[in-house]
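# A structural walkthrough
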Amino acid sequence: MNSYINQVKEAFKNWKTALLVLIFTVARIIYGFAWLKSGWGKLAWFSDGKLNSAGKIGALIKNLAGPEVKSFDPLLINKAWAWVASNIFLGLPEATDALVVIFEILVGVLMILGFRIFWAAIIAMFMNVQFLAGASFNNFGYIWTNIAMMQFHNYAELLGIGGFISSRKNQKLV
C-alpha cells in the first residue's frame, strides 16, 4: 500500500499530471455510472420475453446496407458488418440482448473501479458505434469520451484498482 501511495504522491508532484488524473478520475466515475445505470435498467430484458435489441439491429442493417445506401465502401465493411448483424446478432437475439446487458454493466464497473480502462473504452466504443449506426445520435459524446479514455487511460487508472495493481507489479520488479 505504501508503494501505491508513494507512486500517487510522486505523480502528483507534477501539477499537469495531477490535474489530468483528477479530471479523468471524475470523468470515468461519472461515465461508469452512466454505463452501469444503462445496463442495470436493461436487467428486465432477461425476463420480459421480448427481443429488445432486434429493432435497433434492424435499423443498423438498413443504415449500413439498405437499398438506399449509396456510400463509398471500397472494403465492403458496411456490407460485411450488416451480414454479421443480420446473421449473428439477429440470428441469436436472446444472446445479443444478454450480451448488451452484461457488457454495459461490465463497462460501468470497470470504469468506476478504474481497472482496464483502455479495454472498457474499446468495448464501449464498439457498442456506441453500433448504436450510432442504428441512427441514434444521442451518444455522440460517449464516442469522444471513449477516445479520450483510451488515450489517457493511465491517468484515469492511477486513482483506481489499475493504479494500485500497477504499483504492486512495479514493487515486485524492484
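Residues numbered from 1 in each chain as written. Predicted model: local features only at pLDDT ≥ 70, side-chain atom pairs only at ≥ 80, totals over all residues. Heavy atoms only, no water.

### A short note on the overall build of the protein
Counting its regular elements, the protein contains nine helices and zero strands. When its helices and strands are written in sequence order, the protein yields α-α-α-α-α-α-α-α-α. Taking the contacts inside the protein whose residues are at least 6 apart along the sequence as the reference set, 74% of them involve residues at least 24 apart. Element-wise, carbon and sulfur atoms account for 71% of the exposed surface of the protein, whose accessible area totals about 10600 Å². Put simply, the protein has 15 plus and 8 minus side-chain charges, and the middle of one group is 11 Å from the middle of the other. (Helix = DSSP H or I, 4+ residues; strand = E, 2+ residues; numbered from the N terminus. Contact = heavy atoms within 4.5 Å. Areas by Shrake-Rupley, 256 points an atom, 1.4 Å probe, with all protein chains shown as cover. Lys, Arg positive; Asp, Glu negative; His and termini not counted. Charge placed at Lys NZ, Arg CZ, Asp CG, Glu CD.)

### Re unusual backbone geometry
Positive phi, normally seen in glycine, also occurs at Leu-76, with a value near 60 degrees. Mapping Leu-76 onto the fold places it in the loop between helix H3 (54-65) and helix H4 (77-89). Despite not being glycine, Arg-116 shows a phi value in the positive range, around 55 degrees. Among the secondary structure elements, Arg-116 is positioned in the loop between helix H5 (93-113) and helix H6 (117-133).

### Focus on the layout of surface pockets
There is about 720 Å³ of room inside the largest pocket. Contributing to the lining of the largest pocket are 25 residues, with Val-100, Glu-104, Met-127, Gln-130 and Phe-131 lying nearest its centre. Of the residues forming the lining of the largest pocket, the biggest block, six residues, is contributed by H6. By residue class, the composition of the lining of the largest pocket is 14 nonpolar, eight polar and three charged. In this structure, the second largest pocket encloses a volume near 260 Å³. Lining the second largest pocket are 15 residues, and of these Arg-116, Asn-154, Glu-157, Gly-162 and Ser-166 sit closest to its centre. Broken down by element, the lining of the second largest pocket gets its largest block of residues, five residues, from helix H9 (residues 161-173). (1 Å grid on protein atoms, 1.4 Å probe; cavity = no way out; pocket = protein on both sides within 12 Å on 5 of 7 lines; lining within 4 Å. Points joined across faces, edges and corners; volume = space filled by probe spheres on them. Nonpolar A, V, L, I, M, F, W, Y, C, P; charged D, E, K, R; others polar.)

### Some points on the pattern of salt bridges
Here the structure, examined in full by the defined rule, presents two salt bridges. Here Lys-13 and Glu-10 are joined by a salt bridge, their closest N and O atoms 3.2 Å apart. Exposure remark for Lys-13: the relative accessible area of 64% places this residue in the exposed category. (Salt bridge = Lys/Arg side-chain N within 4 Å of Asp/Glu carboxyl O. Buried < 20%, exposed > 50% of the residue type's maximum accessible area, 1.4 Å probe, protein only.)

### Concerning the packing of helix H2 (residues 15-41) against helix H7 (residues 140-151)
One way to put it is that H2 packs onto H7 with a least axis distance of 12 Å and a crossing angle of 135 degrees. Taken together, H2 and H7 sit at an angle that is classed as oblique. Crossing angle aside, the handedness with which H2 passes H7 is left-handed. Contacts between H2 and H7 pair Phe-24, Ala-27, Arg-28, Tyr-31, Ala-34 and Trp-35 from the former with Tyr-142, Thr-145, Asn-146, Ala-148 and Met-149 from the latter. Of the residues contributing to the contact of H2 with H7, the split by class is eight nonpolar, two polar and one charged. (Axes fitted to C-alpha atoms, helices over the stretch in contact; angles between N-to-C directions. Parallel < 35°, antiparallel > 145°, perpendicular 65-115°, else oblique. Left-handed = near helix turned anticlockwise from the far one by under 90°.)

### Observations concerning H6
Taking 1.5 Å per residue, 17 residues should reach 24 Å; H6 reaches 24 Å between its end C-alpha atoms and fits that length. When we look at burial in H6, the residues that qualify are Ile-117, Ala-120, Ala-121, Ala-124, Met-125, Met-127, Asn-128, Gln-130 and Ala-133. Residues of H6 that are buried in the fold lie against H2, H3, H4, H5, H7 and helix H8 (153-158). Two residues or fewer past H6, Ala-135 is found with a positive phi of approximately 75 degrees. (Expected span 1.5 Å × (residues − 1).)

### Observations regarding H4
Among the residues of H4, those classed as buried are Ala-82, Val-84, Ala-85 and Phe-89. Down the axis of H4, the smallest arc covering the buried residues is 155 degrees, so these residues share one side. In this structure, the buried residues of H4 make contact with H3, H5 and H6. (Arc of directions from axis to C-beta.)

None of this, on its own, says anything about what the molecule does.
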